Amino acid sequence: MAEPAADPAADQPADRPPASRPKPSFSRFPRNLPLPALIPALALIAGCGLSVLAMLQSDRLLTQEEEHRFATRVEEIHGQMADRLQVYQQVARSAASLVMTFPDLHWTQWNRFVEALDMPRRYPGIISVAYARAVPATGSGELVAAMRAAGLTNFRIWPESAGAERVVNIFTAPVDEANVRAVGFDMMSEATRRSTIERARDSGEPAATRAITLKIDEAAGAKPALILYQATYRGDPLPPSLEARQASFTGVVAVPVRIGSLVDGLVDEKRPDIGPDAGPDAGPDTGPDTGIEIYDVPPAEAEFPLYRSRRPLETTAAISLTRELPVGGRVWTVRYDSLPDGVLTAHEWVPGALLVGGIALSIALSLILRMMLATHSRAVELAGRMTASLRLQEAERQQLFTQAPLGIALVGTNGLLTDCNPAFGAAAGLAREELLGTDLRLRFGDQGSVFALEAALQGESGRLESDQPLVLGGRRSHFSLHFQPVILAEELKFVLAFAEDIGEKRRAEQHIQYLAHFDALTGLPNRILLFDRIAQALREARREGSKVAVLFIDLDRFKVINDSLGHSFGDEVLRSVARRLRSGLRESDTVGRLGGDEFLIVLRRVMEPGDAASVAEKVVAHLASPFTVGGQNFVVTPSIGISLYPDDAEDPEGLIRCADIAMYHAKERGRNGFRFVTREMGARSRERMDLEASLRKAIREGQLFLVYQPQVDTLTGRVVGLEALIRWRHPEEGLILPGRFLPVAEETGLVLAMGDWVLFEACEQIRRWRSRLGLSIPVAVNVSGAQFRDGQLPAKVARALDANGLSGPELEIEVTESTLIDDVESAAATLEALKQRGVLIALDDFGTGYSSLSYLHRLPIDKLKIDRSFIHDLSTGASDASVPRAIVGLGRSLGLSVIAEGVETQEQLQLLRDLACESYQGFLFSRPIPAEEVERLLGRQGAAHAVAVE
Ligand SMILES: Nc1nc2c(ncn2[C@@H]2O[C@H](COP(=O)(O)O[C@H]3[C@@H](O)[C@H](n4cnc5c(=O)[nH]c(N)nc54)O[C@@H]3COP(=O)(O)O)[C@@H](O)[C@H]2O)c(=O)[nH]1
């Protein structure tokens, strides 16, 4: 199966931008083109190449220079050699002139002549200067005789077997043993000499022999030499024709020259670079710079040279030059060799140095280029990044501009709009194109905005948020406008105009305002607005010296309507009541709803209390006629409390509080009526409000705690139960008893939260005692009417028991008779639910309420609690024991246990014993005590007297 084509995006991390997104280019060189990276390498290669070229060039130049110098040097040596030969020939010519001038020259004169030449010093190559006379075959004897006569007594011509023509050496100087031996030698007897002499005779020019070994050197070994011959003639120094020269030939001057001496000193003495001018540091003399070889035939034909100069062994010549040297009618070939110690060697390091230096420079250049390129590429990359970043910023700014929900416009210094974003166009209700180039001032429908923009064009920023709707462009709405001049270098460049359509916001604010100040159900002013209206009315009353009346209206038994007919029905009733209340009032008066079934009427410019009373009567009358809701007719009556400014209070809170209290009094007085505030009511009301606030705090901050009053067996005197009673440890006022704060808790509904806490705390304490003492004892908890009616009591009790692992009988719920009597059916259901969970039920304050015994058998009650007033009356004699007796009897007949409370004296106890009342509680045995004391008490009493743990 073929592999699926790889998805290039698949390898990309998830957070990488998509491949299609254009990536900013950080370099102007394409990434895949390695040109910049190659530059250092190319530079290195080029540099090395150039270095090689330079080396080669320098080598070539050096070679050329050497060749040139060597050629110069060769010319110099060669010239000197030629000069020497010339000089030698000149010596021969001079000697010849002497002989021709003085044909009868004596050998002693010859000697003096040669001595005068100072040959050892001036012509070191010349061995001797001799004169050989031409002697016909017949004249040999004559010559011998003449020479002997001239003093050379031993003179003889040798060799004797000679030819017809003889040329006999007669003079040789300087005179030494070797030269003297050559006197008499017939030079024609030896072929080389003979042919050379004939050439000299025939040409009249100096003629040189080929290289020969001189007679004087024959004994010593081969020392190549040549003899220069210069012919002498009779009469004419140089007869004009061959015949004349042969005819007048008298002899030859012979100048033998050692070839080595001809060259000696020319190459060893002078070196161009290390010459006499060179300093002491010129280095050691390493030998001759030039090798010389002389051939008298072409070197290729010669077996060995005539002469070979001294040179180091096994050296090869860098350069060789050959020159021809005319020597007495012969032509020598002189080969000159440049030796290693010559010119070139002085600078031969140069090409190598050039190569090494060039390569080193190339490497350095390459490295520098690399660094420069790296720096350049970093700079390019940085520039690229900066550019990309700037582009991004620009794009972001553009996005911000176009996407901004806030309208933004740029206004030129002439007031004409130069640019705007879509939001500005939307706010103005015009397309951007319609706005561009127009004078924004003409687009405003109000002067305030125009002035604000004018001010901005003068360099002054301004903000505008009108309460009234404004016109911007083609739209009318609430706008928030902000003009911000942009000034650079103290010059106004343009004005930024920000426009936000806050119409929606305004409407929402207004709605919130409405909700904040009006009751959603009835549309009447709520508590906040009512306070505000009262405050307004009070200011007016203070100014005018009038009165303000506050009517606190509470609907009688509205709760019954609500509970029995449902909340929506109750809401409709409240709306109907609100309509009726509003209909009977003046425009200047305010009716509002405080919450629930409580309404408030604020009456302004009240002159006397009677004005308020007549309004209250009117309210009563208005509500008197039956309401028809949902097809049902019923009557709602109000209880109205009236407070007056300045009589009862001087602030809204005080007036409402007083009216509230007066309303309670109206209710107490039988409902459906009104009552004015009395001074006494006002004082009580204030205290109650303070208490409420403190109580809320007490619940929050844990200032409440429980004490426990023991319940004792009347006969044995042993503790059989405990009643949990709440206490408040006020941080300033100290201990506060429930009689003071319970009514406030009940009025404000705080009793629910408080009751929850009591329930859970009592259950926790039961658990603690059980775990510490190993026993359990029933603890009675008082439950208020509000708790009982809440509908949540059975569930809350169950939760408290469960949370502490209790089964039920450890807890006893005390409810008052009055609580049950309001709604026996629902009370029975609640008690039944509680019983289901196993708890005990005690009927508190029994005998004080409705004293109707009929409901008792319908309720699942365990215990009757004789109210302490009956016990108290026993001891005071206010009444006899008939009530307690009846209660004990009732309990017995119904199978209920009976406990008496408020037992303070032995007398009372005795009476109860007499009545066979099972148990009691009261100060006689113990006041309510903290949990720790209970623990001690139970500990003392022992486990035997306690109720066993199930
Ligand atoms: N809903 C709740 N009601 C509670 C709670 N705690 C207490 N109460 C009720 O408050 C009323 C006053 O209670 P208290 O001040 O604690 O008074 C109790 C006893 O101290 C008092 N008492 C007991 N023995 C005597 C006595 O010999 N003489 C005497 N003068 N008074 C005595 O009786 C009160 C207990 O009454 P009762 O509950 O009827 O047994 C009171 O109605 C409490 O019920 C609470 O947590 N929740």
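Small disclaimer: the values here were computed from a predicted structure and weren't measured. (Residues numbered from 1 in each chain as written. Predicted model: local features only at pLDDT ≥ 70, side-chain atom pairs only at ≥ 80, totals over all residues. Heavy atoms only, no water.)

1. A look at the sheet that holds strand S10 (residues 330–338)
Taken together, the four strands give an open sheet; going across it, the order is S8-S7-S10-S9, and neighbouring strands pair in antiparallel fashion. The two strands at the open ends of the sheet, each matched to only one other strand, are strand S8 (307–308) and strand S9 (320–327). By the bridge criterion, two bridges tie strand S7 (residues 290–295) to S8 in an arrangement that is antiparallel. Of the residues in S8, the one forming a bridge with Ile294 is Tyr307. (Pairing = 2+ DSSP bridges. Helix = DSSP H or I, 4+ residues; strand = E, 2+ residues; numbered from the N terminus.)

2. Digging into the pattern of salt bridges
In the structure shown here, the tally under the stated rule is 43 salt bridges. Between Glu544 and Arg605 there is a salt bridge, and its shortest N-O distance comes to 2.9 Å. Of this pair, Glu544 sits in helix H14 (residues 527–544) while Arg605 sits in strand S20 (residues 598–606), and the two are 61 residues apart along the sequence. In this structure Arg605 comes out as partly exposed when scored by relative accessible area, which is 41%. Between Lys863 and Glu812 there is a salt bridge, with its nearest N and O atoms 3.0 Å apart. In this pair, Lys863 is assigned in strand S31 (residues 863–866) and Glu812 in strand S29 (residues 811–816), connecting sequence segments 51 residues apart. Of the residues examined, Lys863 reaches a relative accessible area of 13% and is grouped as buried. For Glu812, a relative accessible area of 3% puts it in the buried group. One connected set of salt bridges, linked through shared partners, spans Glu293, Arg308, Arg335 and Asp337. (Salt bridge = Lys/Arg side-chain N within 4 Å of Asp/Glu carboxyl O. Buried < 20%, exposed > 50% of the residue type's maximum accessible area, 1.4 Å probe, protein only.)

3. Some details on the site of the ligand
In the vicinity of the ligand lie 22 residues, with Glu723, Arg868, Glu901, Glu904 and Phe923 positioned nearest. Contact between the ligand and Asn782: an oxygen atom at 3.2 Å from a side-chain N or O atom of the residue. Between the ligand and Glu901 there is a distance of 2.3 Å, counted from an oxygen atom to a side-chain nitrogen or oxygen. About the coverage of the ligand: the protein hides 83% of its 810 Å² of free accessible area. If you list the elements that add at least two residues to the shell around the ligand, you get strand S26 (719–730), helix H20 (738–748) and strand S30 (840–846). (Near = heavy atom within 4 Å. Polar contact = N/O pair within 3.5 Å; in protein donor to acceptor, adjacent residues only side chain to side chain. Areas by Shrake-Rupley, 256 points an atom, 1.4 Å probe, with all protein chains shown as cover.)

4. Some words on the packing of aromatic side chains
Under the criterion given, the structure shown has 11 aromatic pairs. Between Tyr514 and Phe518 the ring centres are 4.7 Å apart and the planes differ by 15°, which places this aromatic pair in the stacked class. Judged by relative accessible area, which is 23%, Phe518 ranks as partly exposed. Ring pairs connect the aromatic residues Trp110, Phe113, Tyr131 and Phe171, which therefore count as one cluster. For Arg580, the ring lying beneath its charged end belongs to Phe627, and the centroid distance is 3.6 Å. In this structure, Arg729 packs its charged tip against the face of Phe705, placed 4.2 Å from the ring centre. (Phe/Tyr/Trp six-rings, centres within 6.5 Å; stacked < 30°, edge-to-face > 60°. Lys NZ or Arg CZ within 6 Å of the ring centre and 35° of its normal.)

5. A short note on the confidence of the model for the chain
Scored by pLDDT, the chain comes out at a mean of 84, with 89% of its residues at no less than 70. Of the regions scoring below 50 in pLDDT, residues 1–30 engages in 15 contacts with residues more than four places distant in sequence or in other chains. For the stretch residues 943–950, pLDDT sits under 50, and the model shows 15 contacts to residues farther than four places along the chain or on other chains. At the level of chain-chain contacts, confidence expressed as ipTM amounts to 0.95, with global pTM at 0.40. (pLDDT = per-residue confidence, 0-100. Contact = heavy atoms within 4.5 Å.)

6. Focus on the packing of H20 against helix H21 (residues 750–773)
Across the interface, H20 lies against H21 with an axial gap of 5 Å and an inter-helix angle of 115°. In terms of orientation, H20 lies roughly perpendicular with respect to H21. Where H20 approaches H21, its residues Phe741, Leu742, Ala745, Glu746 and Thr748 are matched on the opposing element by Leu750, Val751 and Met754. (Axes fitted to C-alpha atoms, helices over the stretch in contact; angles between N-to-C directions. Parallel < 35°, antiparallel > 145°, perpendicular 65-115°, else oblique.)

7. Here's the deal with helix H2 (residues 107–117)
Those residues of H2 that fall on the buried side of the exposure criterion are Trp110, Asn111, Phe113, Val114 and Leu117. Along H2, the residues classed as buried sweep out an arc of 160° about the axis, all on the same side. Structural note: H2 exposes Arg112, Glu115 and Ala116 on the side pointing more than 90 degrees away from its buried face. Among the residues trailing H2, Asp118 stands out with phi positive, at a value near 50°. (Arc of directions from axis to C-beta.)

8. Some points on the pairing of S26
Along S26, 10 of the 12 residues are buried, which leaves the element largely enclosed by surrounding structure. Where strand S25 (residues 704–713) lies against S26, nine bridges are found, and the strand directions are antiparallel. When the bridges of S26 are listed, Gln709 appears paired with Glu723. Counting the residues between successive antiparallel strands, the hairpin from S25 to S26 contains five residues, one of them, Gly717, with a positive phi of roughly 75°. Where S26 and strand S28 (residues 779–782) come together, three bridges link them in parallel fashion. Note on S28: the bridge partner recorded for Glu723 is Ala780. Taken together, the three bridges between S26 and strand S27 (residues 734–736) define a ladder with antiparallel strand orientation.

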